[in-house]
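# Coordinate inspection notes
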There are 2 protein chains.
Amino acid sequence: MRLLIDMDDVMADTGQKIIDETNKRLGTSFTKELIRSSAEITADFQEKYTSVRSMLWEKGFFADIPLMQDSQEVIKKLYDKYEIFIVSAATEFPLSMSEKLDWLAEHFPYITWTHTVFCGHKWMIRADYIIDDHEKNLINFEGKGILFDALHNQHVKDFTRVNSWKEVEKLLL
Amino acid sequence: MRLLIDMDDVMADTGQKIIDETNKRLGTSFTKELIRSSAEITADFQEKYTSVRSMLWEKGFFADIPLMQDSQEVIKKLYDKYEIFIVSAATEFPLSMSEKLDWLAEHFPYITWTHTVFCGHKWMIRADYIIDDHEKNLINFEGKGILFDALHNQHVKDFTRVNSWKEVEKLLL
């Protein structure tokens, strides 16, 4: 069985890095909990984040993303049962790709370049499962799409939702 | 119809860059014609190239690869008829990917990051056709594999071989 795993906001807590960097650059003090606490604060954060979003194209941004909780532990277990490909929509961010390879080598050293895919669209990759936080990557995918919970996908209802890697473990192991 | 197109030795004449750089670094004077002229010279070149092959991992190597003859003209025509994805086994060379995106933007500006894939394996991508110079990328591919002629694939007999972009044009247009 082949399993595709997304990086940002799935293996890696890119949302946390975005909040931290936004706070640093704008002198704000958003937290994940605060942003989720009301639609008004969500909108305020979105506006502020948009104003500094060009940071995603800066050298170094993707070099030190924190791990998503339990991703190392559960992906290691999944690796023993599934053929795993890491699939990241990274071609939008040209400088991110070498940083993402280094990040994978540091945190998931058993995953090699042969099983790493940087792309735009993902739905043309053949696999049994994909774990991703973006609806666009699950639509038209030929296998089963598993939606990793994120603030920006709360409206999506058509796919199995997992809220954590512990839930992925229960679902797939 | 979806068509996957490889970069190195298909869109881009990477073999020529490799010969030029090998000559420059070792003071040799190989040409494509000379290398193909005898098995002895082929082996001599392979040995010398192997000794400088680490250049593929150097910053800048993939920035200025010459175009393969007629690739711009024919791919533009193919783009009007096929859904085209560029698929390059570039994750082996971490620094190559931003250079490859720049190269595509310069020579094929209508191909965007959404339709660019940098990966290791390619056979899990769903498409009707792939044009590639490596047998390993055609085996297990679900569509039709088209082998782009190269010195290193002369032994491959199982796929439709094209010797030039003009032959691709005849075959697919």
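Residues numbered from 1 in each chain as written. Chains lettered and ligands numbered in written order. Predicted model: local features only at pLDDT ≥ 70, side-chain atom pairs only at ≥ 80, totals over all residues. Heavy atoms only, no water.

Once that is clear, we can look at the pairing of strand E5 (residues 144-148) of chain A. Residue and element names in this part refer to chain A. Burial within E5 is extensive, with four of its five residues counted as buried. Pairing of strand E4 (residues 129-132) with E5, which is carried by four bridges, proceeds in the parallel orientation. Counted as the bridge partner of isoleucine 131 is isoleucine 146 from E5. Pairing geometry for E5 and strand E6 (residues 160-162), over three bridges, is parallel. Residue pairing across strands places phenylalanine 148 opposite valine 162, the latter belonging to E6. (Buried < 20%, exposed > 50% of the residue type's maximum accessible area, 1.4 Å probe, protein only. Helix = DSSP H or I, 4+ residues; strand = E, 2+ residues; numbered from the N terminus. Pairing = 2+ DSSP bridges.)

At the junction of the two partners, chain B supplies 26 residues and chain A supplies 26 residues. Overall, the association of chain B and chain A removes approximately 2300 Å² of surface from exposure, summing both partners, and the carbon and sulfur fraction of that is 67%. The three residues of chain B that bury the most area against chain A are B:Trp113, B:Met124 and B:Arg126, which together make up 29% of that side's buried surface. Counting across the chain B and chain A interface gives two salt bridges. A salt bridge links A:Arg126 to B:Glu142; its shortest N-O distance comes to 3.8 Å. Of all the elements in the fold, those that place two or more residues in the side of chain B that touches chain A are strand E2 (83-88), helix H5 (96-107) and strand E3 (116-118) of chain B. Considering only residue class, the side of chain B that touches chain A consists of 13 nonpolar, eight polar and five charged. (Contact = heavy atoms within 4.5 Å. Buried area = accessible area lost by both parts, 1.4 Å probe. Salt bridge = Lys/Arg side-chain N within 4 Å of Asp/Glu carboxyl O. Nonpolar A, V, L, I, M, F, W, Y, C, P; charged D, E, K, R; others polar.)

With that settled, the discussion passes to the packing of aromatic side chains. Aromatic ring pairs are defined here through the distance separating the ring centres and the angle between the ring planes. All names here are of chain A. Using the criterion set out here, one finds 22 aromatic pairs over all chains in the structure. Measuring from ring centre to ring centre gives 5.6 Å for phenylalanine 62 and phenylalanine 93, while their planes differ by 40 degrees; the resulting arrangement is tilted. Residue phenylalanine 62 is located in the loop between helix H3 (39-51) and helix H4 (71-79), and its partner phenylalanine 93 is located in the loop between strand E2 (83-88) and helix H5 (96-107); the two are separated by 31 residues in the primary sequence. The class of phenylalanine 62 is buried, set by a relative accessible area of 3%. Plain terms: the ring middles of phenylalanine 148 and tryptophan 165 are 5.7 Å apart, the flat faces sit at 45 degrees to each other, and that makes the pair tilted. Remark: tryptophan 165 occurs in helix H7 (residues 165-172) and phenylalanine 148 occurs in strand E5; sequence separation between them is 17 residues. Comparing phenylalanine 148 with tryptophan 165 shows no difference in burial state: the two are buried. Pairwise contacts between aromatic rings join Trp57, Phe61, Phe62 and Phe93 into one cluster. The ring of phenylalanine 61 carries the charged tip of lysine 17 above its face, separated from the ring centre by 4.6 Å. (Phe/Tyr/Trp six-rings, centres within 6.5 Å; stacked < 30°, edge-to-face > 60°. Lys NZ or Arg CZ within 6 Å of the ring centre and 35° of its normal.)

Moving on: the UniProt feature "active site" (unreviewed entry) in chain A. Residues and elements named next belong to chain A. UniProt tags Asp6 and Asp8 as "active site" (unreviewed entry). Mapped onto the secondary structure, aspartate 6 falls in the loop between strand E1 (2-5) and helix H1 (14-26). Those residues in contact with aspartate 6 that lie beyond four places of it in its chain are Met11, Val87, Ser88, Lys122, Ile131, Asp132 and Asp133. Within the local environment of aspartate 6, its side chain forms a polar contact with the side chain of lysine 122, the two groups lying 3.0 Å apart. As for its placement among the helices and strands, aspartate 8 is situated in the loop between E1 and H1. When its relative accessible area of 17% is taken as the criterion, aspartate 8 is described as buried. Aside from chain neighbours lying at most four places away, what touches aspartate 8 is Thr14, Phe62, Ser88, Lys100 and Asp133. Side chain to side chain, aspartate 8 and threonine 14 meet in a polar contact 2.7 Å long. (UniProt positions renumbered as here; feature names shortened; annotations may be inferred. Polar contact = N/O pair within 3.5 Å; in protein donor to acceptor, adjacent residues only side chain to side chain.)

All names here are of chain B. Enumeration over the complete set of coordinates arrives at 36 salt bridges over all chains. A salt bridge links aspartate 6 to lysine 122; the nearest nitrogen and oxygen atoms lie 3.0 Å apart. Taken together, the residues span a long stretch of sequence, with aspartate 6 in the loop between strand E1 (2-5) and helix H1 (14-26) and lysine 122 in the loop between E3 and strand E4 (129-132) at a distance of 116 residues. Since its relative accessible area comes to 1%, lysine 122 is described here as buried. Between aspartate 132 and lysine 122 there is a salt bridge, with its nearest N and O atoms 2.7 Å apart. With a gap of 10 residues between them, aspartate 132 in strand E4 and lysine 122 in the loop between E3 and E4 connect regions that are remote in the sequence. The two residues aspartate 132 and lysine 122 agree in class, both being buried.

Once that is clear, we can look at H1(B). Residue and element names in this part refer to chain B. For H1, which comprises 13 residues, the first-to-last C-alpha distance of 18 Å matches the rise-based estimate of 18 Å (1.5 Å per residue) to within 8%. Listing the buried residues of H1 in full gives Thr14, Gly15, Lys17, Ile18, Ile19, Glu21, Thr22 and Asn23. Buried residues along H1 sit in contact with helix H2 (32-37) and helix H3 (39-52). Two residues or fewer after H1 comes glycine 27, characterised by a positive phi angle close to 70 degrees. (Expected span 1.5 Å × (residues − 1).)

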